[in-house]
Amino acid sequence: MRIHFIIHEHFEAPGAYEIWATRRGFHIGYSRVYEGEPLPLNVDAIDLLIVMGGPQNPATTQAQCAHFNAKAEQACILSAIRAGKAVIGVCLGAQLIGEALGARYAPSPEREIGKFPITLTPAGLHHPLMAHFGATLPVGHWHNDMPGLTPDAHVLAFSAGCPRQIVAYSDVVFGFQCHMELTKEVVALLIEHDAVEVSEHHPFVESPQRLMQHDYEDMNQTLYQFLDQLVANYQARC
């Protein structure tokens, strides 16, 4: 299995996604665009493309952020989808999937930073990759926006602050607005970068102290099971 990460900033690290891929012994490639590494020239050598988050949004221009080329990333994502590859987008990555498929991202009703529960929709409860999630699950959040919905998309989970937390664009393409990949190490990097933002008084924004007190291993394990089943389905289809 060949995994490729597009990473926008060092503090938006792949966390549990990378841990999972390493533990499974998969081949891992990277496009650390913040370091000037290029996007894949083609997707032939990729089985699963994982596009991570970032402080940008799909409307961010290269004049505003020189290392972020939203149109080029959308083209890469669309190429992977058309080639039948598995694709996961996290936060900004989820929004880029929607944009690549013609669905505009939107501001989330609430900013969410912390560990709060998501609730599965009927589609999520009956989704074969999410049976182990349960009806509700506490997961990590760090966002202001949410992905767009195509006519064929299905919302699998929502939260009190955001109606689009997990979106299925196909049986192998998923957008995660939530951050199930967070570990304490990744959270520490995010706090270091966004210290002012997380200090705001807001019902869905937790303090840095509270963020560092959470146990993230439970949601990581749930993510690993999802990824294992996704890979099994992808390999069976191939």
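Just so it is clear, the model here is predicted, and its values are computed rather than measured. (Residues numbered from 1 in each chain as written. Predicted model: local features only at pLDDT ≥ 70, side-chain atom pairs only at ≥ 80, totals over all residues. Heavy atoms only, no water.)

K.L.:
Got a sec to walk through the overall build of the protein? Specific residues and values, please.
P.N.:
Within the protein one finds 8 helices and 9 strands. The C-alpha radius of gyration of the protein comes to 16 Å, within 12% of the 18 Å expected for a compact globule of 238 residues. For the protein, the residues scored as buried account for 57% of the 238 residues in total. Sequence separation of 24 or more characterises 74% of the internal contacts of the protein that already satisfy a separation of 6 or more. Summing over all exposed atoms, the protein offers an accessible surface of approximately 9900 Å²; the carbon and sulfur share of this is 53%. (Helix = DSSP H or I, 4+ residues; strand = E, 2+ residues; numbered from the N terminus. Rg over C-alpha atoms; globule rule 2.2 N^0.38 Å. Buried < 20%, exposed > 50% of the residue type's maximum accessible area, 1.4 Å probe, protein only. Contact = heavy atoms within 4.5 Å. Areas by Shrake-Rupley, 256 points an atom, 1.4 Å probe, with all protein chains shown as cover.)

K.L.:
Can you break down the sheet that holds strand 3 (residues 48-51) residue by residue, with the values?
P.N.:
Across a sheet, strands are paired by hydrogen bonds formed along the backbone, either parallel or antiparallel in direction. The strand order 2-1-3-4-9-8-7-5-6 describes an open sheet built from 9 strands, whose pairing is mixed. In the strand order of this sheet, the two ends are held by strand 2 (27-32) and strand 6 (136-146), each with one partner. Adjacent strand axes in the sheet meet at a mean angle of 20°, parallel and antiparallel pairs treated alike. When strand 8 (residues 166-168) meets strand 9 (residues 173-176), the two strands line up antiparallel, connected through 3 bridges. Looking at the pairing, Ile-166 lines up with Phe-176 of strand 9. Contacting strand 3, strand 4 (86-90), strand 6 and strand 9, helix 3 (residues 92-100) crosses the sheet at an angle of about 125° to strand 4. (Pairing = 2+ DSSP bridges. Axes fitted to C-alpha atoms, helices over the stretch in contact; angles between N-to-C directions.)

K.L.:
Account for the environment of Gln-235, naming residues and giving values.
P.N.:
One can find Gln-235 in helix 8 (residues 217-237). Along the primary structure Gln-235 and Asp-47 are separated by 188 residues, whereas in three dimensions their C-alpha atoms are 9.0 Å apart.

K.L.:
Mind laying out the pattern of salt bridges, listing which residues take part and the relevant values?
P.N.:
Scanning the model with the defined rule gives 6 salt bridges in all. Between Asp-171 and Arg-237 there is a salt bridge, with the nearest N and O atoms lying 3.2 Å from each other. Taken together, the positions of Asp-171 in the loop between strand 8 and strand 9 and Arg-237 in helix 8 put the pair 66 residues apart, joining distant regions of the chain. On the basis of relative accessibility, which here comes to 42%, the residue Arg-237 falls in the partly exposed class. (Salt bridge = Lys/Arg side-chain N within 4 Å of Asp/Glu carboxyl O.)

K.L.:
Lay out the nonpolar core in plain terms, naming residues and giving numbers.
P.N.:
Grouped together as the largest cluster of nonpolar side chains are 75 residues, with contacts concentrated most on Tyr-17, Ile-88 and Phe-226. Of all the elements, helix 8 adds the most residues to this core, at 8 residues. Once you skip the residues sitting within four places of it in the chain, Phe-226 turns out to touch Ile-88, Leu-129, Met-130, His-132, Phe-133, Phe-174 and Phe-176. (Core = buried A, V, L, I, M, F, W, Y, C linked by side-chain atoms within 4.5 Å.)

K.L.:
An account of the environment of Ile-118 is needed here, citing residue identities and associated values.
P.N.:
Looking at the element boundaries, Ile-118 is found in strand 5 (residues 106-120). The residues touching Ile-118, leaving out its near neighbours within four places in the chain, are Ala-135, Thr-136, Leu-137, Val-139, His-141, Ala-157, Phe-158, Ser-159, Gln-165 and Ile-166.

K.L.:
Mind laying out the packing of aromatic side chains, listing which residues take part and the relevant values?
P.N.:
Scanning the entire structure with this criterion turns up 6 aromatic pairs. Here the aromatic rings of Phe-133 and Phe-226 are separated by 6.4 Å at their centres, their planes lie at 75°, and the arrangement is edge-to-face. Pair noted here: Phe-133 is in the loop between helix 4 (122-125) and strand 6 and Phe-226 is in helix 8, with a separation of 93 residues, a long-range link. Taking relative accessible area as the criterion, Phe-133 reaches 4% and is therefore assigned buried. Residue Phe-226 is classed as buried on the basis of its relative accessible area, which comes to 1%. For the pair Phe-174 and Phe-226, a centre-to-centre distance of 5.1 Å together with 85° between the ring planes defines the contact as edge-to-face. Highlighted residues: Phe-174 in strand 9 and Phe-226 in helix 8, separated in sequence by 52 residues. An identical accessibility class is assigned to Phe-174 and Phe-226; each is buried. (Phe/Tyr/Trp six-rings, centres within 6.5 Å; stacked < 30°, edge-to-face > 60°.)

K.L.:
Describe in detail unusual backbone geometry, supporting the description with residues and values.
P.N.:
The backbone phi angle of Cys-91 is positive, close to 60°, even though this residue is not glycine. With a relative accessible area of 6%, Cys-91 lands in the buried category.

K.L.:
Outline the pairing of strand 2, supporting the account with residue identities and numerical values.
P.N.:
Here 6 bridges tie strand 1 (residues 2-7) to strand 2, and the two strands are oriented parallel to one another. Following the sheet pairing, His-4 is matched in strand 2 by Gly-29. For the handedness criterion, the β-α-β arrangement of strand 1, helix 1 (residues 16-23) and strand 2 is classed as right-handed. (Right-handed = clockwise from strand over helix to strand, strands pointing away.)

K.L.:
Explain the side chain of Thr-60 to me, using residue names and the numbers behind them.
P.N.:
Tracing the backbone through its elements, the reader meets Thr-60 in the loop between strand 3 and helix 2 (70-82). The buried category is assigned to Thr-60, whose relative accessible area is 14%. Setting aside residues no more than four positions away along its own chain, Thr-60 makes contact with Cys-65, Phe-68 and Ala-70.

The values reported here are purely geometric and, on their own, carry no functional implication.
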